[in-house]
Amino acid sequence: MDSRNERVYLVIVAGIGVVLAVILQFIPPYYSYLSVIVAAIALIFAILAFALKDYFFLIEPISHMKGKTLTINTNDPFYIAANGKCIVVRSEGNAYATSFIKIPLYKSSTEMTDDEKFNFASLFSRMISLSAIPMRVSSQLNVVNKDEYIKVITEKMGAVEDRYNAMANDPNADRKAAERVKGEVNMWHNLLDNVTKANSQSQVAYATVTSAGTTEDEAVTLASINAEQLAAGISAALGVPATVANGDEMLLFIEPEYLIPPTTVTEFMKVDQK
Amino acid sequence: MNQNTIVHLAASFMIVLLVIVGTSSSSLGLLSLLVIALAGLAALLILLLAFADFLVFPLITILLDWEIVPFQNYVIPKQQDAVLKYVNNIYYATGYVGANIYNYVFAQESVEDDQVAMVAAPDKWEKATMNIHFPFKYHVISSADNVQTYREELETKRGLYEFQYSREASATSPNQMAMENLQRQIRVMQAKIDRVGSGEKPLNTIMYIESTAVGVSKKEASDNLTKQLNQLQTIFNVFDLSMVRVYGRELYQLHRMNYIIPSLDELKAQFQEQT
């Protein structure tokens, strides 16, 4: 948010309010209704002067508003940087690059002694105090994307079904071999049913850090440096190989459709409604 | 309350006061009462905006029937309770719950209690999350403070309380309750100084939970989201957290944090009541 612009608007809005309130004192008593109107307008400016503090970002969208939709931004919220290691957001003349660091934590508390649990909690506390610039540490539970797995099963099932059909239409085919292929077809069907029916989930931990710059290159370079430093710090603190997320990997942490992938969404909705 | 809030409050209340003074000095009769009532209403609205804008802003968008488009393909409905995205003929609704540690001031902060809580934390976390069958994210935004500056602040505060205590103790009729309260404050400050001395780093943190629900319509997605967030609030009650669902401006700003983590000053200015 550009605080200088906000101050300029505050001076203008509060200035108009003050001028109106001063004018009020010089309105003759026989224009009493005019006094009420001027006072009401001055009070609206008083409310506006305060609302500017938190809602300054809405002034421009309101001035361009059409209908009942207040559009703050017509662009995509971000794009992936050329190096593929961060996302870039352009806002008010500045560029912001945000990197995501994957933290692979696979140990369960059921495998830990009390001392190990205490150590883990202490190390986690140390990890979140690594950076003087704000960083976000997140734990995410998402539905596993089984698209590729389902595709492989469907392809294999199709191939076995073709083989079975060919054998069924061949009068010289070995009956026992045909029965075996039929069993294989049933196996793939059952596997596909089980895979699509179950709502598999996975939990991942990651850290997020943003760097600002006047140009995209500057922001991306700074973000890469900060992310690498943070990844090294997290690796040292927790003893796990933390790495900077690349390309589409980052989308799992940002886009809602990656949390619940399109192929599994119908099944998720069924499970959710039960 | 930060400096920016004080500047805006001062400017607004100056106008309100000038209106009241201007009306009182003129001979408007009954109409002056109306103007003073309006000024009172404006002052109340300003205070509401200062301390509970998450109630005022959604009320305005509901009354005006406004939807907000924060980015392409995203919509914040007039209720200001979710961010909706329409992809592959499905609505994805994302909502937030502020989940900060209760801002208790203990009589004397006990390090032993903390150790017990830290041993129990990994188990509590696993038990809580294994019962969740929908997507959610638990976020901790943290930024380490300068240890030296923080320690100096604490020592200054302790010095002030000690001065107040000695003045109260040397008074002709000392107030026992005030003295006990000051002694408690001194113990709390000393405990905090000891913690810093033992190697703990002072931290600024914001914690919040994010969840995403799906539906074939906006309403279904929003209703599913409400169900999920209520469930999360119940499940995470085992932790010592203050859980508040986020509405209005802070919802937009939390969503924006998926793309940009703001600076510490921006964070302090943006999040006051709900998160």
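Position numbers for residues start from 1 in each chain and track the written sequence from start to end. Starting at A for chains and at 1 for ligands, labels are handed out in the order in which the entities are written. A pLDDT threshold of at least 70 governs which residues receive local features in this predicted model, and a stricter bar of 80 or more applies before side-chain atom pairs are shown or counted, although totals over entire chains, interfaces and linings include all residues.

### Some remarks on the overall build of chain B
Next, step 1: Labels follow the DSSP assignment, with helices taken as runs of H or I lasting at least four residues and strands as runs of E lasting at least two, numbered in each case from the N terminus. Across its full length, chain B holds eight helices and seven strands.
Next, step 2: Its C-alpha atoms give chain B a radius of gyration of 24 Å, more than 25% over the compact-globule value 19 Å for 275 residues.
Next, step 3: For chain B, the C-alpha atoms occupy an extent of roughly 75 × 70 × 30 Å along the three principal directions.
Next, step 4: Throughout, a residue-residue contact means that the two C-beta atoms, derived from backbone geometry, are no farther apart than 7 Å. Taking the intrachain contacts of chain B between residues at least 6 apart in sequence as the baseline, contacts between residues at least 24 apart amount to 68%. Between the two quantities, the radius of gyration covers C-alpha atoms and the globule rule is 2.2 Å times the number of residues to the power 0.38.

### Digging into the overall build of chain A
Next, step 1: Looking only at helices and strands, chain A has ten helices and seven strands in total.
Next, step 2: On C-alpha atoms alone, chain A measures out to a radius of gyration of 31 Å, which is more than a quarter above the 19 Å that the 2.2 N^0.38 rule sets for 274 residues.
Next, step 3: C-alpha atoms of chain A, sized along the principal axes, occupy 110 × 50 × 40 Å.
Next, step 4: Here a residue counts as buried when 20 or more other C-beta atoms fall within 10 Å of its C-beta, as exposed when 12 or fewer do, and as partly exposed in between; the C-beta atoms come from the backbone. Within chain A, buried positions represent 26% of all 274 residues.
Next, step 5: When contacts within chain A are restricted to residue pairs at least 6 apart in sequence, those whose partners lie at least 24 apart make up 69%.

### Describing the domain arrangement of chain B
Next, step 1: In terms of domains, chain B is made up of domain 1 (3–64), domain 2 (74–145 + 202–270) and domain 3 (148–197).
Next, step 2: In this structure, domain 2 of chain B and domain 3 of chain B have C-alpha centres spaced 35 Å apart. Each domain's extent is set by a domain assignment, obtained either automatically or from a database.

### Observations regarding the environment of A:His64
Residues and elements named next belong to chain A.
Next, step 1: The topology assignment puts His64 in the loop between helix 3 (59–63) and strand 1 (69–71).
Next, step 2: Look at His64 and you get exposed, because 8 C-beta atoms sit within 10 Å.
Next, step 3: Along the chain, His64 and Ala97 lie 33 residues apart, while their C-alpha atoms are 28 Å from each other.

### What to know about the interface of chain B and chain A
The figure often quoted for interface size is the accessible area lost as the parts come together.
Next, step 1: Contacts between chain B and chain A engage 77 residues on the former and 82 residues on the latter.
Next, step 2: At 14 residues, the largest contribution of residues to the side of chain B that touches chain A is made by helix 1 (residues 3–25) of chain B.
Next, step 3: For this classification, Asp, Glu, Lys and Arg are treated as charged, while Ala, Val, Leu, Ile, Met, Phe, Trp, Tyr, Cys and Pro are nonpolar and the rest, including Gly, are polar. When grouped by side-chain class, the residues that make up the side of chain B that touches chain A number 46 nonpolar, 22 polar and nine charged.
Next, step 4: Only when DSSP finds a minimum of two bridges between them are two strands counted as paired. Inspection of the sheet shows strand 5 (residues 135–143) of chain A paired to strand 5 (residues 136–144) of chain B by seven bridges, in the antiparallel sense. Counterpart to A:Gln140 in the pairing with strand 5 of chain B is B:Lys137.

### Some points on unusual backbone geometry
All names here are of chain B.
Next, step 1: Positioned with a positive phi, Asp65 is a non-glycine residue whose angle comes to about 60°.
Next, step 2: Assignment of secondary structure puts Asp65 in the loop between helix 2 (30–64) and strand 1 (67–69).
Next, step 3: Its 9 C-beta neighbours within 10 Å are what place Asp65 among the exposed residues.
Next, step 4: The phi angle at Asn73 is positive, at roughly 75°, despite the residue not being glycine.
Next, step 5: Its location among the elements puts Asn73 in the loop between strand 1 and strand 2 (74–75).
Next, step 6: Residue classification places Asn73 among the exposed positions, given that 12 C-beta atoms sit within 10 Å.

### Quick look at the domain arrangement of chain A
Next, step 1: Split into domains, chain A comes out as domain 1 (3–63), domain 2 (79–145 + 200–273) and domain 3 (147–197).
Next, step 2: Taken over C-alpha atoms, the centre of domain 1 of chain A sits 45 Å from the centre of domain 2 of chain A.

### Overview of the packing of helix 2 (residues 32–55) of chain A against helix 1 of chain B
Relative orientation and spacing of two packed helices are given, respectively, by the angle between their axes and the distance between those axes.
Next, step 1: One can describe the packing of helix 2 of chain A onto helix 1 of chain B by two numbers: an axis separation of 8 Å at closest approach and a directional angle of 170°. With respect to their mutual orientation, helix 2 of chain A and helix 1 of chain B come out roughly antiparallel. Residue-level contacts link A:Ala39, A:Ala42, A:Leu43, A:Phe45, A:Ala46, A:Ile47, A:Ala49, A:Phe50, A:Leu52 and A:Lys53 of helix 2 of chain A to B:Asn4, B:Thr5, B:His8, B:Leu9, B:Ala11, B:Ser12, B:Ile15, B:Val16, B:Val19 and B:Thr23 of helix 1 of chain B.
Next, step 2: Residues belonging to the contact of helix 2 of chain A with helix 1 of chain B are distributed by class as follows: 14 nonpolar, five polar and one charged. Axis definition: a line fitted to C-alpha atoms, limited for helices to the stretch in contact. Angles are taken between N-to-C directions and run from 0 to 180 degrees. Throughout, the term roughly parallel applies to angles under 35 degrees, roughly antiparallel to angles over 145, roughly perpendicular to angles from 65 to 115, and oblique to all others.

### Comments concerning helix 4 (residues 114–128) of chain A
All names here are of chain A.
Next, step 1: The end-to-end C-alpha separation of helix 4 is 21 Å, in line with the 21 Å expected for 15 residues at 1.5 Å each.
Next, step 2: Every buried residue of helix 4 is accounted for by Phe120, Ala121, Met127 and Ile128. Along helix 4, the residues classed as buried sweep out an arc of 120° about the axis, all on the same side. Exposed side of helix 4, more than 90 degrees from the buried face: Asp114 and Asp115 are the residues found there. The span you would expect from a helix comes to 1.5 Å times its residue count less one. Directions drawn from the helix axis to the C-beta atoms are what define this arc.

### Observations concerning the pairing of strand 3 (residues 87–91) of chain A
Residues and elements named next belong to chain A.
Next, step 1: Bridge analysis of strand 2 (residues 79–80) against strand 3 gives two bridges, and the strand direction is antiparallel. Counted as the bridge partner of Ile80 is Ile87 from strand 3.
Next, step 2: Note: strand 3 against strand 4 (residues 94–103), five bridges, orientation antiparallel. Within strand 4, the position partnered with Val88 by the bridge is Ala97.
Next, step 3: What sits between the antiparallel neighbours strand 3 and strand 4 is a turn of two residues, in which Glu92 has the positive phi angle 45°.

### Description of the nonpolar core
Next, step 1: In terms of nonpolar packing, the biggest core is built from 71 residues, with A:Val88, A:Ala97, A:Ile101, A:Ala207, B:Leu84 and B:Ile209 touching the most fellow members.
Next, step 2: In contact with A:Ala97, other than residues within four places in its own chain, are A:Ala81, A:Cys86, A:Val88, A:Thr210, A:Ser211, A:Ala219, A:Val220, A:Leu222 and A:Ala223.
Next, step 3: The term nonpolar core refers to a set of buried Ala, Val, Leu, Ile, Met, Phe, Trp, Tyr and Cys residues connected through C-beta atoms within 7 Å. With 28 residues, the next largest nonpolar core counts A:Ala21, A:Ala42, A:Ala46 and A:Ile47 among its residues.

### Considering the confidence of the model for chain B
Next, step 1: Here chain B shows a mean pLDDT of 86. Residues at 70 or above account for 92%.
Next, step 2: Two numbers describe this predicted complex: its pTM, 0.82, and its ipTM, 0.82. The predictor attaches a confidence to each residue, and that confidence, scored 0 to 100, is pLDDT.

### Concerning the packing of helix 5 (residues 147–169) of chain A against helix 6 (residues 175–197) of chain A
Residue and element names in this part refer to chain A.
Next, step 1: For the pair helix 5 and helix 6, the least separation of the axes is 9 Å and the interaxial angle reads 155°. With respect to their mutual orientation, helix 5 and helix 6 come out roughly antiparallel. For helix 5 against helix 6, the interelement crossing comes out left-handed. Here helix 5 contributes Tyr149, Ile150, Ile153, Thr154, Lys156, Met157, Val160, Glu161, Arg163, Tyr164, Met167 and Ala168 to the contact with helix 6, which in turn contributes Ala177, Ala178, Val181, Lys182, Glu184, Val185, Trp188, His189, Leu191, Leu192, Val195 and Thr196. With the far helix as reference, a near helix turned anticlockwise by less than a right angle produces a left-handed crossing, and one turned clockwise produces a right-handed crossing.

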